[in-house]
Amino acid sequence: MEENMIHSGFVSLIGRPNVGKSTLLNKMAGIRLAITSPKAQTTRQIVRAVLDEKDSQIIFLDSPGLHKPRTKLGEFMMAQATLALSDADVILLLVDAEASIRHHAMRQVPVIEANILEKCEKMDKPVILVINKVDQVVKQNVLPMIEAYSQRFKFEAIVPVSALSGDGVDRLSALIRSLLPEGPRYYPADSLTDQTERSITAELIREQILMLTHEEIPHGTAVEIESFEETLKGEPLDEEHGHDRDFVSISALVYCDRDTHKGILIGKQGSMLKRIGSRARQEIETLLGCKVYLEIHVKVREDWRNRRGILKNLGYNLKD
């Protein structure tokens, strides 16, 4: 290997909504970078997480779950998933063992996964089948699933894991490293993600909306950070790091589709919004390492998922 060259590259996590892509990303990265919830379509755009080690650097690309888009936002999400495939050096196709066995009895590869594999065949890239949530099923029941996928596509490997507990994740990480090409460090060694603190903060607020509200509410909302103001301590830490952060004041705006949704998000006498804010603030304080004041407002913007101006403000830049 040439001097300054290591095993480095981009690894795309692809699959249906709610198969555990973000949970697996957080487990492999060793830090919570992507929001998770039991609800589908939690991830809306590519989240990059950097796992840097002495002889390797893996850049994970967590992409939105594959689904049939019905809005401009949905179109953006599917474009992000396709981009994650094309940018990858290694592709991880995630499937949910428990859901697959329950719905399909796994004697054949379902259409969505078959379509992904058809795209992968044209790209000629190494693909690992990751069977997630194996802790929720009888292991013997996974065998027909492995056979069905093995007959459909030539995988580099098939790896059963539990992203939640971490079982099988070390083996998967080692396998990924062995498949990466030689290359430079694409990000500085101390990088964890290309997301800004503002964008992660918005996602942490949206995560609490996902966790605390039900039915159609979660997917009809988005969060915009209107202001993010830091108060620094008086003395700088050193010449390299500058001043330590003492306090952050954040103002956030939650978009929703309807007045009834706004009422649910605010709750009786503001009770729901207080719960969302309190839980989000604790997560944000952990992220930022300091005290946080968080103010959240809710606005109705009908059909915002099809309004390009709003989507652009939220960072969802659609192509014309």
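Residues numbered from 1 in each chain as written. Predicted model: local features only at pLDDT ≥ 70, side-chain atom pairs only at ≥ 80, totals over all residues. Heavy atoms only, no water.

Our focus in this paragraph is the pairing of strand β3 (residues 56–62). In terms of burial, β3 is largely enclosed, as 7 of its 7 residues are buried. Neither face of β3 is exposed, since S56, I58, F60 and D62 on one face and Q57, I59 and L61 on the opposite face are all buried. (Buried < 20%, exposed > 50% of the residue type's maximum accessible area, 1.4 Å probe, protein only. Helix = DSSP H or I, 4+ residues; strand = E, 2+ residues; numbered from the N terminus.)

Moving on: the confidence of the model for the chain. Chain-level statistics for the chain give a pLDDT mean of 80 and a share of 78% at 70 or above. In the predicted structure, residues 35–44 sits below a pLDDT of 50 and forms 54 contacts with residues beyond four places in sequence or in another chain. (pLDDT = per-residue confidence, 0-100. Contact = heavy atoms within 4.5 Å.)

Inside soluble globular proteins, nonpolar side chains tend to come together where they are buried. Counting residues in hydrophobic clusters, the biggest one holds 26 residues, and the most contacted among them are I205 and I250. Contributions of two or more residues to this core are made by α7 (197–212), β8 (222–238), β9 (242–256), α9 (271–288) and β10 (291–300). Setting aside residues up to four positions removed in sequence, I250 forms contacts with T201, I225, S227, F228, I284, L288, V292, Y293, L294 and E295. Core analysis: the next-biggest nonpolar cluster, separate from the first, contains 24 residues, L24, F60, V90 and L94 among them. (Core = buried A, V, L, I, M, F, W, Y, C linked by side-chain atoms within 4.5 Å.)

Moving on to the packing of α7 against α9. Closest axis-to-axis distance for the α7/α9 pair is 9 Å, and the angle between their directions is 140°. With respect to their mutual orientation, α7 and α9 come out oblique. You can see that α7 and α9 cross each other, and the crossing is right-handed. Listed contacts from α9 to E197, I200, T201, L204, I205, Q208, I209, M211 and L212 of α7 are M272, R275, I276, R279, A280, E283, I284, L287 and L288. Looking at the contact of α7 with α9, its residues break down into 12 nonpolar, 2 polar and 4 charged. (Axes fitted to C-alpha atoms, helices over the stretch in contact; angles between N-to-C directions. Parallel < 35°, antiparallel > 145°, perpendicular 65-115°, else oblique. Left-handed = near helix turned anticlockwise from the far one by under 90°. Nonpolar A, V, L, I, M, F, W, Y, C, P; charged D, E, K, R; others polar.)

Let us now look at the packing of helix α1 (residues 21–29) against helix α6 (residues 169–179). Packed helix pairs are specified by the crossing angle of their axes together with the interaxial distance, meaning the distance between the axes. Running from N to C, α1 and α6 point in directions that differ by 80°, and their axes come no closer than 10 Å. It follows that α1 is roughly perpendicular to α6 by the angle criterion. Taken together, the residues of α6 that come into contact with α1 (itself represented by L24, K27 and M28) are V169, L172, S173 and I176. When the residues that make up the contact of α1 with α6 are grouped by side-chain class, the tally is 5 nonpolar, 1 polar and 1 charged.

Our next topic: α6. Residues of α6 that are buried: V169, L172, S173 and I176. Along the axis of α6, the buried residues cluster in a sector spanning 100°; they form a single face. Away from the buried face of α6 by more than 90 degrees, exposed residues D170, R171 and S178 are located. Its buried side turned inward, α6 meets β1 (6–15), α1, β3, β4 (90–96), β5 (127–132) and β6 (157–160). (Arc of directions from axis to C-beta.)

Looking now at the pattern of salt bridges. Within this structure, the stated rule accounts for 7 salt bridges. For the salt bridge of R177 with E53, the shortest nitrogen-to-oxygen distance reads 2.8 Å. One end of the pair, R177, is in helix α6; the other, E53, is in strand β2 (residues 47–53), and 124 residues separate them in sequence. What makes R177 partly exposed here is its relative accessible area of 23%. Residue class for E53 comes out partly exposed when judged on its relative accessible area of 31%. (Salt bridge = Lys/Arg side-chain N within 4 Å of Asp/Glu carboxyl O.)

A few words on the environment of I112. Looking at the secondary structure, you find I112 in helix α4 (residues 111–123). Between the C-alpha atom of I112 and that of G15, which follows or precedes it by 97 residues, the distance is 8.5 Å.

Now for the side chain of K133. Along the chain, K133 turns up in the loop between β5 and α5 (143–152). The residues contacting K133, other than those within four sequence positions of it, are N18, V19, D96, A97, V161 and S162.

One non-glycine residue with positive phi stands out, namely K133, at about 65°. A positive phi angle, near 55°, is found at Q269, a position not held by glycine. Using a relative accessible area of 76% as the deciding quantity, one classes Q269 as exposed.

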